[in-house]
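Spelled out, the chains give:
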Amino acid sequence: MVKCTGKSVLKGIAVGRLYVYRKKEFTLVKTHVDDVEGELKRFDLAVNEAERQLETLYQEALESVGEAEAKIFEVHGMMLEDEGYLEDIKDIIKNNCNAEYAVKEVGDNYSQMFAAMDNEYMRARSVDILDISNKVINILAGVGDDSIKSDEPVILLADDLTPSETISMDKDKVLAFVTIHGSANSHTAILARSLNLPSLVGTDVALLDEYHGQMAIVDGFQEELIINPLDDVLKELTERREAWISETESLRKLIGQDNVTTDGRKINVYCNIGGVEDVGRVLESDGGGIGLFRSEFLYLGRDSAPTEEEQFESYKAVLEKMNGKKVIIRTLDIGADKKADYLGLDPEENPALGYRAIRICLNQPDIFRTQLRAIYRASAYGTAAIMFPMIISVEEIRKIKGIVEEVKRELASEDIPMGDVELGIMIETPAAAVISDELAKEVEFFSIGTNDLTQYTLAIDRQNQKLESICDTHHPAILKLIQMTIENGHKENAWVGICGELASDTSLTKTFVDMGVDELSVSPTYVLGLRKAIREI
Ligand code: PEP
Ligand code: MG
């Protein structure tokens, strides 16, 4: 029996035979071509064929996993149309180089550029660049798609998997994915999650031929791959797997049901999103609204800030898709770990305690006004609310409200329609929790950001892995601050939600409900589990 550990993408269990998946390889060499025009034409045809294949993959994904996850193939199609990328390849071909080599060279360069970015999400995109480049190279070289040659469903063991490899696979033949490389934020991981396949990425396993066909277990709860399990281990895990399946199935019965306790208290269960592409998952999991739209994701991985128009389109798309359900847009929370070079922020000794979020917005009001104009313009298309991050004082809220009023007046003078927009703040600094009695007089709601509230209350950097073992997220100091915030909010008729990761911790659901929480906002995956926990109170 061999045990390997990885990073779990979905908490589930799969039992089956291993299938060692190797990509069909061919030797890519640089060759001299005389007929440059002919080579450029061959390249254009390959790009057209890749676009056609991506469209087919998009349609297949749309049917099997839904719009949100299918989107990646639309994005790949857009990447393939990127003029910079295409021109860089053509420039190399024009120097009498074969198209395969030119695509590889440019694909590798772009991929390395993404891999070097600070933002984890953007880093994960480097694999998408390789994916589209390989697709074009395979078409040019006449290499066909790899398929799983097995009569029974298998646990796929691979070095890494690209989104198109994942989606092109015959899903009836896959029980789980285990990859040696890959991040939990990659689209492959997202796809695995939406296909409900227990999977591990970054696993410390070798791609040995001798593993092919061996019995194995993927335990997404313990984050383990067990190869050749002992009989008693196999028996135990098989039983746990059956329990997990029946639990997941029974959860789907809760779609359309209320989040209501046995004594009739209703709690709003909303979702956290990072962009338009996440809304499909919110709707599929029956989320009641969006409790946290991390708008800063619109600002990351680009050379300049998104324009008012770009932001307006994104907010409008989310509001329209949510069809009247509440969408709480958090204004720009950039700084600390989320960096955008074009803002020219100086390196800091303690970035988590530094120039970030509302501090930037109040100091650089042009950025703030652009975002507020975009949100208010979009507010005519649904039920929008706005919340402000990292608040520490009443003065900040007064300044914010002053700017909001100016923006509204400006839009009204331009005859731009606007909806009613609730204004709230995040309670994520101990200062805000402690003066929540005063802050509550200024706003319509509070949303408690337990991720930062924990970091600042316990003085534990949330990025520091070494401190994970002492980071007690149930620390009485945090629970007291949450309770105090809820009570103070209610005294002034402000509703109070929680949007940090603690909101999905079902061991605390009863505690939060007893404290009087009105809303819990979680990743779409957790909506139904949370609904179940609420309905059992
Ligand atoms: C939080 O701090 O709990 C929160 C929800 O915001 P973020 O995780 O984006 O800092
Ligand atoms: Mg926060």
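Heads up: the structure comes first, above all this text.
Residues numbered from 1 in each chain as written. Chains lettered and ligands numbered in written order. Predicted model: local features only at pLDDT ≥ 70, side-chain atom pairs only at ≥ 80, totals over all residues. Heavy atoms only, no water.

K.L.:
Just give me the short version of the packing of helix H1 (residues 36-64) against helix H6 (residues 126-141), but keep the residues and values in it.
P.N.:
One can describe the packing of H1 onto H6 by two numbers: an axis separation of 9 Å at closest approach and a directional angle of 120°. With respect to their mutual orientation, H1 and H6 come out oblique. Our pair here, H1 against H6, has a crossing hand that is right-handed. The residues of H6 that touch H1, namely those facing Arg42, Phe43, Ala46, Glu49, Ala50, Gln53, Leu54 and Leu57, are Lys135, Val136, Ile139 and Leu140. (Axes fitted to C-alpha atoms, helices over the stretch in contact; angles between N-to-C directions. Helix = DSSP H or I, 4+ residues; strand = E, 2+ residues; numbered from the N terminus. Parallel < 35°, antiparallel > 145°, perpendicular 65-115°, else oblique. Left-handed = near helix turned anticlockwise from the far one by under 90°. Contact = heavy atoms within 4.5 Å.)

K.L.:
Got a sec to walk through the coordination of the magnesium ion (ligand 2)? Specific residues and values, please.
P.N.:
Taken together, the protein donors to the magnesium ion (ligand 2) comprise Glu428 (OE) and Asp452 (OD), at separations of 2.1 Å. Here Glu428 is found in the loop between strand E13 (422-427) and helix H15 (430-434), whereas its partner Asp452 is found in helix H17 (residues 450-458), with 24 residues between them in sequence. The buried category is assigned to Glu428, whose relative accessible area is 2%. (Donors = N, O, S within 2.8 Å, 3.2 Å for Na, K, Ca; no water. Buried < 20%, exposed > 50% of the residue type's maximum accessible area, 1.4 Å probe, protein only.)

K.L.:
Can you explain empty space enclosed by the protein? Please cite residues and give values.
P.N.:
Going through the model one piece at a time under the given rule, you end up with one cavity of 30 Å³ or more. Its volume calculated, the largest cavity comes out at about 30 Å³. The wall of the largest cavity is formed by Phe388, Ile397, Ile400, Lys401, Leu423, Gly424, Ile425, Glu442 and Val443. Listing elements by their share of the lining of the largest cavity, those giving two or more residues are helix H14 (394-413) and E13. Residue composition of the lining of the largest cavity, grouped by class: six nonpolar, one polar and two charged. (1 Å grid on protein atoms, 1.4 Å probe; cavity = no way out; pocket = protein on both sides within 12 Å on 5 of 7 lines; lining within 4 Å. Points joined across faces, edges and corners; volume = space filled by probe spheres on them. Nonpolar A, V, L, I, M, F, W, Y, C, P; charged D, E, K, R; others polar.)

K.L.:
Just give me the short version of the sheet that holds strand E12 (residues 383-388), but keep the residues and values in it.
P.N.:
What the eight strands build is a closed barrel, ordered E9-E10-E11-E12-E13-E14-E15-E16; its pairing is parallel. Neighbouring strand axes in the sheet, compared pairwise and without regard to direction, differ in orientation by 25° on average. Two strands pair when backbone bridges link them, and strand E15 (residues 495-498) and strand E16 (residues 519-522) are joined in this way by two bridges, in the parallel orientation. Looking across to E16, one finds that Gly497 is bridged to Glu519. (Pairing = 2+ DSSP bridges.)

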